[in-house]
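# Observations on the three-dimensional arrangement
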Amino acid sequence: MDLAYIPSPSTGVINLGPIPLRGYAFCIIIGVFVAVWYGNKRWIARGGTAGTVADIAVWAVPFGLVGGRLYHVITDYQLYFSEGENWVDAFKIWEGGLGIWGAIALGAVGAWIGCRRRGIPLPAYADAIAPGIAFAQAIGRWGNWFNQELYGKPTDLPWALKITESANREAGLYHPTFLYESLWCIGVAVLVIWADRRFKLGHGRAFALYVAAYCVGRSWTEYMRVDEAHHILGLRLNVWTAIGVFVLAVVYMVISARIRPGREEIVEPKAAKEAADKAAGKTADDDTDPEHAAEGAVTDTLPDTGKDAESSESSDGDVEHGAGNGAGSAAKS
């Protein structure tokens, strides 16, 4: 008799009248919100302006969703294009199936487009958003719990996940790999936050640290999973992907630290200009109001003009009503 286990939801959908609320989609949406919110706080702390992270996320998130789905469909094509399967199911993203590798890769393309439009360096943006992405993954993994997918080998541990029987799965108690990865992602986020504060990571190294740390945990959880997957030399495809991406991330951190040590001083030119103008005592009206601009120009020349006027008046009393230097010189002649 099993005294303790993690139950699975009886359904992953709650219907509010004609509107279905799917647990998987709900977790993804919450994760995106958390990533943008926390990324915005880090971006402002780095010297950026509020709202920039959200503006770029408008590009990054859709690209990421498409990339994640494409990776899943390509690497698990047999689920949609083999005999007896319906290829239309490839578009049913709410049923699960987002590959993080494709999501990060294509999401980076979307972020690059958004950064280019605002004149922002992509590595600085990636550093700011990195911990938020890890938190988003931690939340998103609970979508797999709603769908009863991505569990591990059978186990009798107290935290085993109870899976109910369906056409594609057998009932039983399994390792909750979704939970393991969720907790690992939280640890990755904390690691990146600590390392960034301790070593002042810049030029994309905080993001690279997130990628490398995530790959370590993903290799472990991927090895435990029992769902169908392609194998190469006895290892699941995603394990090889994690190994390759880990190596690339570490190499990037080493080379970047040598070529560009330290951290970017300016991450958003617009914010830097506004800060400089504020420090100089300028306001928006000074730049847009012609009268204020003219007054500023006159004010800048007053010290020299006043000195010359006083000299002219002391040497020739015919100069009246504060005449200018040119008039004073003419009268004196």
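Right, let's walk through the structure included here. Keep in mind the model is a prediction, meaning the values are calculated, not measured. (Residues numbered from 1 in each chain as written. Predicted model: local features only at pLDDT ≥ 70, side-chain atom pairs only at ≥ 80, totals over all residues. Heavy atoms only, no water.)

## A word on the overall build of the protein chain
Under the convention used in this document: A run of DSSP states H or I qualifies as a helix once it reaches four residues; a run of E qualifies as a strand once it reaches two. Both are numbered from the N-terminal end. For every residue, the accessible area obtained with a 1.4 Å probe (protein chains only) is divided by the maximum for its type, and the residue is called buried under 20%, exposed over 50%, and partly exposed between those limits. We call two residues in contact whenever any of their non-hydrogen atoms come within 4.5 Å of each other.
If you tally the helices and strands in the protein chain, you get 13 helices and six strands. Within the protein chain, buried positions represent 39% of all 333 residues. Long-range pairs, those at least 24 residues apart, make up 69% of the contacts in the protein chain with a sequence separation of at least 6.

## Notes on the pairing of strand S2 (residues 19-22)
Selection rule: If DSSP finds at least two bridges between two strands, the strands pair.
The sheet contact formed by strand S1 (residues 13-16) and S2 spans four bridges and is antiparallel. Paired with isoleucine 14 across the two strands is leucine 21, which belongs to S2. Counting the residues that bridge the hairpin from S1 to S2 gives two residues, and of these glycine 17 lies at a positive phi of roughly 65°.

## Topic: the pattern of salt bridges
Inclusion rule: The term salt bridge refers to a side-chain nitrogen of Lys or Arg lying within 4 Å of a carboxyl oxygen of Asp or Glu.
On inspection of all chains with the given rule, the structure shows 13 salt bridges. For glutamate 181, the salt bridge is made with arginine 141, and the minimal N-O distance between the two is 3.1 Å. Here arginine 141 lies in the loop between helix H5 (122-140) and helix H6 (142-147) and glutamate 181 lies in helix H7 (residues 177-199), a separation of 40 residues in the sequence. The class of glutamate 181 is buried, set by a relative accessible area of 5%. Taking the shortest distance from any N to any O, the salt bridge between arginine 218 and glutamate 222 comes out at 2.9 Å. In this pair, arginine 218 and glutamate 222 are both assigned in helix H8 (residues 205-224), four residues apart and thus about one turn of the helix distant. Taken individually, arginine 218 and glutamate 222 each receive the classification buried, so the pair is uniform in this respect.

## Topic: the packing of H5 against H8
Spelled out, the test is: Axis geometry follows a simple rule: fit a line to the C-alpha atoms, using only the stretch in contact for helices, then measure angles between N-to-C directions, giving values from 0 to 180 degrees. For classification, angles of less than 35 degrees are called roughly parallel, those exceeding 145 degrees roughly antiparallel, those between 65 and 115 degrees roughly perpendicular, and all remaining angles oblique. Crossing handedness is read from the near helix: turned anticlockwise from the far helix by less than a right angle, it gives a left-handed crossing, and turned clockwise, a right-handed one. Think of it as three bins: nonpolar holds Ala, Val, Leu, Ile, Met, Phe, Trp, Tyr, Cys and Pro, charged holds Asp, Glu, Lys and Arg, and polar takes everything else, Gly as well.
Between H5 and H8, whose axes approach to 7 Å, the crossing angle comes to 25°. Considering the angle they form, H5 stands roughly parallel to H8. Seen along the crossing, H5 lies across H8 with a hand that is left-handed. Listed contacts from H8 to Ala126, Asp127, Ala130, Ile133, Ala134 and Gln137 of H5 are Arg205, Ala206, Phe207, Tyr210 and Tyr214. Class assignment for the residues of the contact of H5 with H8 results in eight nonpolar, one polar and two charged.

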